[in-house]
Amino acid sequence: MRLDRFLSGQTALSRRELTELIRGGSVTVNDAVIRRPETAVSPERDRITLQGRAVQYSEFHHFLLHKPAGVITASRDPKQKTVLDLLGSADRLPKLAPAGRLDLDTEGLLLITDDGTRAHKMISPKHHTAKYYLAQLAEPYDTEYEALFRSGILLREGGSEEPCLPAECMQIGERLAVLELHEGKYHQVRRMFAAAGNHVTHLLRFQVGALCLPPDLPAGGYINILNKDADKAFQNSSISDAAAFCARHYSSYWIKDLK
Ligand code: URA
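Residues numbered from 1 in each chain as written. Predicted model: local features only at pLDDT ≥ 70, side-chain atom pairs only at ≥ 80, totals over all residues. Heavy atoms only, no water.

**Q** Please give an account of the overall build of the chain that cites residues and values.
**A** Check the secondary structure of the chain and you find seven helices and 15 strands. When its C-alpha atoms are laid out on the principal axes, the chain stretches across 70 × 40 × 35 Å. When each of the 259 residues of the chain is scored for burial, the buried share is 46%. Sequence-distant contacts in the chain: of pairs separated by 6 or more residues, those separated by 24 or more amount to 67%. Accessible area for the chain stands at about 13300 Å²; split by element, carbon and sulfur atoms hold 49% of it. (Helix = DSSP H or I, 4+ residues; strand = E, 2+ residues; numbered from the N terminus. Buried < 20%, exposed > 50% of the residue type's maximum accessible area, 1.4 Å probe, protein only. Contact = heavy atoms within 4.5 Å. Areas by Shrake-Rupley, 256 points an atom, 1.4 Å probe, with all protein chains shown as cover.)

**Q** Residue-level account of the layout of surface pockets, with values.
**A** Roughly 450 Å³ of volume is contained in the largest pocket. Around the largest pocket sit 18 residues that line it, and Gln 10, Thr 11, Val 55, Ala 90 and Leu 93 are the ones nearest its centre. Residues lining the lining of the largest pocket come from more than one domain, with at least three contributed by each of domain 1 (3-54) and domain 2 (62-258). In this structure, the second largest pocket spans a volume of roughly 350 Å³. Taken together, the residues of the lining of the second largest pocket break down into six nonpolar, five polar and five charged. (1 Å grid on protein atoms, 1.4 Å probe; cavity = no way out; pocket = protein on both sides within 12 Å on 5 of 7 lines; lining within 4 Å. Points joined across faces, edges and corners; volume = space filled by probe spheres on them. Domains from an automatic or database assignment. Nonpolar A, V, L, I, M, F, W, Y, C, P; charged D, E, K, R; others polar.)

**Q** For the site of the ligand, give the residues involved together with the corresponding values.
**A** By nearness alone, every residue bordering the ligand is listed as Leu 102, Asp 103, Thr 106, Tyr 133, His 187, Gln 188, Val 189, Arg 190 and Leu 203. One of the backbone N or O atoms of His 187 is found 3.2 Å from an oxygen atom in the ligand. Contact between the ligand and Arg 190: an oxygen atom at 3.1 Å from a main-chain N or O atom of the residue. Its free accessible area being 240 Å², the ligand has 95% of it covered by the protein chains. With three residues, the single largest contributor to the shell around the ligand is helix H5 (residues 188-195). Grouping the constituent residues of the shell around the ligand by class yields four nonpolar, three polar and two charged. (Near = heavy atom within 4 Å. Polar contact = N/O pair within 3.5 Å; in protein donor to acceptor, adjacent residues only side chain to side chain.)

Interpretation note: all reported values are geometric properties and have no functional meaning in isolation.
Given below as structure tokens:
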């Protein structure tokens, strides 16, 4: 792999900035200053430094973000703040993009990754990745939601009504529900409860597969996670485990009415 290509995959600097730094003598390979951007390097074997700091190689990079409300899920936008704007400048690597989307007003777990295959697997309903949401409701929870959602509630899509994939629902407070979905239709949780005669006033995604939103990660905060941690998004969980995690960790967060 070329030295400039190696560096552009591991840093947020542009190719032009990197070329200048390499030509200016700011890069070493195995302790020797290298000034040719096209020099071949081995990411696994060579020790590479940039401005005196070792550059660790990783094929893919993943950030687990606690998306706050009021920020859009997009890579860039001319007017509004995006989830990528929440990353520190050194973390804004070139190919990063959100894996899936949360609505403007929805908070919670969002994976930002430069691994397109992984992102696709998380989003595609074919892979059945479970996503867990905590919904605060305007009206008290009704146990009838459980059968209704399990049977595939109908949502209006264009001119017709389409069934959702079967979803699990569980009560954890008078007006609090945990929902397990295996797809991501537009405003799905909000529309499912609206179709069932209720209204979602607050929505948090706290888990994807077995990958949980760390309870001590504040809204707007993020952590760098390894491949093995990102892989937890594809491991099985269950609504009862997810609901227990949620009740244990989010009861003192924005939820005030847990029983
Ligand atoms: N369902 C919604 O209504 N909004 C989201 O952001 C995610 C799921």
